[in-house]
Amino acid sequence: MKSSMIQASHTILFTLLAFFVASSASFAQKSFHKNKVIAHRGAWKATNLPQNSIASLKQAVALGCEGSEFDVWMTADGILVVNHDADFKGMEIETSRFEELLSQKHENGEKLSTVEEYLKAGKKQKGTKLIFEIKPSKISVERSKEVAEKSVLAVKKMKAEKWVDYITFSYEGGLKAIEMDPKANVAYLNGDKTPAELKEAGFFGFDYNINVLKKNPQWIKEAQELGLTVNAWTVNKPEDLNWFLDQNPDFITTDEPELLLELIEERK
Ligand code: MG
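Residues numbered from 1 in each chain as written. Predicted model: local features only at pLDDT ≥ 70, side-chain atom pairs only at ≥ 80, totals over all residues. Heavy atoms only, no water.

## Notes on the pairing of strand β2 (residues 67–74)
1) Next: Taken across its eight residues, β2 has eight buried, putting it largely inside the fold.
2) Next: Both faces of β2 are covered, namely the face carrying Gly67, Glu69, Asp71 and Trp73 and the face carrying Ser68, Phe70, Val72 and Met74.
3) Next: Here strand β1 (residues 37–39) pairs with β2 via two bridges, running parallel. Looking at β2, one finds that Ala39 is bridged to Ser68. (Buried < 20%, exposed > 50% of the residue type's maximum accessible area, 1.4 Å probe, protein only. Helix = DSSP H or I, 4+ residues; strand = E, 2+ residues; numbered from the N terminus. Pairing = 2+ DSSP bridges.)

What follows is the structure, encoded as structure tokens:
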């Protein structure tokens, strides 16, 4: 009798615990802004901040963007770092050790961020998602897959899964990220797969060049019918932003987040 009562109270406790865990997880997701605006490499242009700096991430957060995008490479000694170009101040990232890369700084005095530092900064808020671009390795496809694997492991280690959506030009890297975390949102950038192919492979959606979508506008509807997300890069001109807004995309990646926020506000 006693043991069954203990068992019942354990069951109730477990159910309550599961409920609290589930509701706090959905709270984190629901708290993100819903305005489609993804700041490309952070919000840097209007404020003259270095692209991919933590300052540009904070600026995207301050503007209230739904997401802030950043680019990730792996150093020769296996450290994931945040930078757009293949080189940082003339030093090739993939063939340089992290220590060497620290010899230079961003224009605002920031050091080159590791992914862990970047995620830590991003997790301090709950309004802006972190759009994690896994850069394809220039050395090999195998290395691209390794970067994808390490990226997902870093996000898990930092418990940043709720904040992160992945994007990548590397199809193999994208598949590796999906394999590492089947629940992860991974969108493909390269513009050479149909929505049906992406759906079949387990992608979350596409994030294609705006000109690819202008040439293949039917892909937008096809993706929407398949339940894939629709995003485009890098949409900066007012006429392109308005054309794309008319297609009802999920996200729009832009160097002009202030302008896009204004255009969206005008449509309300
Ligand atoms: Mg990028």
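## Quick look at the coordination of the magnesium ion
1) Next: For the magnesium ion, the protein coordination sphere consists of Glu69 (OE), Asp71 (OD) and Glu133 (OE), at 2.0 to 2.1 Å.
2) Next: Look at Glu69 and you get buried, because its relative accessible area is 1%. (Donors = N, O, S within 2.8 Å, 3.2 Å for Na, K, Ca; no water.)

## As for the environment of Thr229
1) Next: Within the secondary structure layout, Thr229 lies in strand β10 (residues 229–233).
2) Next: For Thr229, a relative accessible area of 11% translates into the label buried.
3) Next: Between the C-alpha atom of Thr229 and that of Pro249, which follows or precedes it by 20 residues, the distance is 7.5 Å.

## Here's the deal with the side chain of Ser151
1) Next: Position of Ser151 among the secondary structure elements: in helix α5 (residues 141–157).
2) Next: Once residues lying within four places of it in the same chain are set aside, the contact partners of Ser151 are Val72, Leu80, Phe132, Ile134 and Tyr166. (Contact = heavy atoms within 4.5 Å.)

## Remarks on the packing of aromatic side chains
1) Next: Inspection of the entire model under this criterion finds 11 aromatic pairs.
2) Next: Measuring from ring centre to ring centre gives 5.8 Å for Tyr188 and Phe203, while their planes differ by 55 degrees; the resulting arrangement is tilted. Of this pair, Tyr188 sits in strand β8 (residues 186–188) while Phe203 is found in the loop between α7 (195–201) and β9 (205–209), placing the two residues 15 residues apart along the sequence. This pair shows no difference in class: Tyr188 is buried, exactly as Phe203 is.
3) Next: Members of the aromatic cluster, connected to one another through ring pairs, are Tyr171, Tyr188, Phe203, Phe206, Tyr208 and Trp219.
4) Next: Its guanidinium or amino end placed over the ring of Tyr171, Lys193 lies 4.2 Å from that ring's centre, counting from NZ or CZ. (Phe/Tyr/Trp six-rings, centres within 6.5 Å; stacked < 30°, edge-to-face > 60°. Lys NZ or Arg CZ within 6 Å of the ring centre and 35° of its normal.)

## What to know about the pattern of salt bridges
1) Next: On inspection of all chains with the given rule, the structure shows 16 salt bridges.
2) Next: A salt bridge links Lys89 to Glu107; its shortest N-O distance comes to 2.7 Å. Of this pair, Lys89 sits in the loop between β4 (87–88) and β5 (91–92) while Glu107 sits in the loop between α3 (98–101) and α4 (115–122), and the two are 18 residues apart along the sequence.
3) Next: Where Lys214 meets Asp240, a salt bridge forms, and the shortest distance between an N and an O atom there is 2.5 Å. With Lys214 in helix α8 (residues 210–215) and Asp240 in helix α10 (residues 238–246), this pair connects stretches of sequence that are 26 residues apart.
4) Next: Taking the relative accessible area as the measure of exposure, Lys214 reaches 36% and is therefore partly exposed.
5) Next: The exposure class of Asp240 is buried, given its relative accessible area of 10%.
6) Next: Salt bridges here are not isolated pairs; linked through shared partners, they connect Lys34, Glu66 and Lys129. (Salt bridge = Lys/Arg side-chain N within 4 Å of Asp/Glu carboxyl O.)

## Focus on helix α11 (residues 257–266)
1) Next: Residues Pro257, Leu260, Leu261, Leu263 and Ile264 constitute the buried set of α11. What you see down the axis of α11 is that its buried residues fit within an arc of 160 degrees, all on one side.
2) Next: As for α11, its buried residues are in contact with β1, α2 (54–63), α10 and β11 (252–254). (Arc of directions from axis to C-beta.)

## Re the packing of α2 against α4
1) Next: With their axes 10 Å apart at the nearest point, α2 and α4 run at an angle of 25 degrees to one another. Viewed along their axes, α2 and α4 adopt a mutual orientation that is roughly parallel. When you trace α2 past α4, the crossing you get is right-handed. Between α2 and α4, the contacting residues are Ile54, Ser56 and Leu57 on the first element and Glu117, Tyr118, Ala121 and Gly122 on the second. (Axes fitted to C-alpha atoms, helices over the stretch in contact; angles between N-to-C directions. Parallel < 35°, antiparallel > 145°, perpendicular 65-115°, else oblique. Left-handed = near helix turned anticlockwise from the far one by under 90°.)

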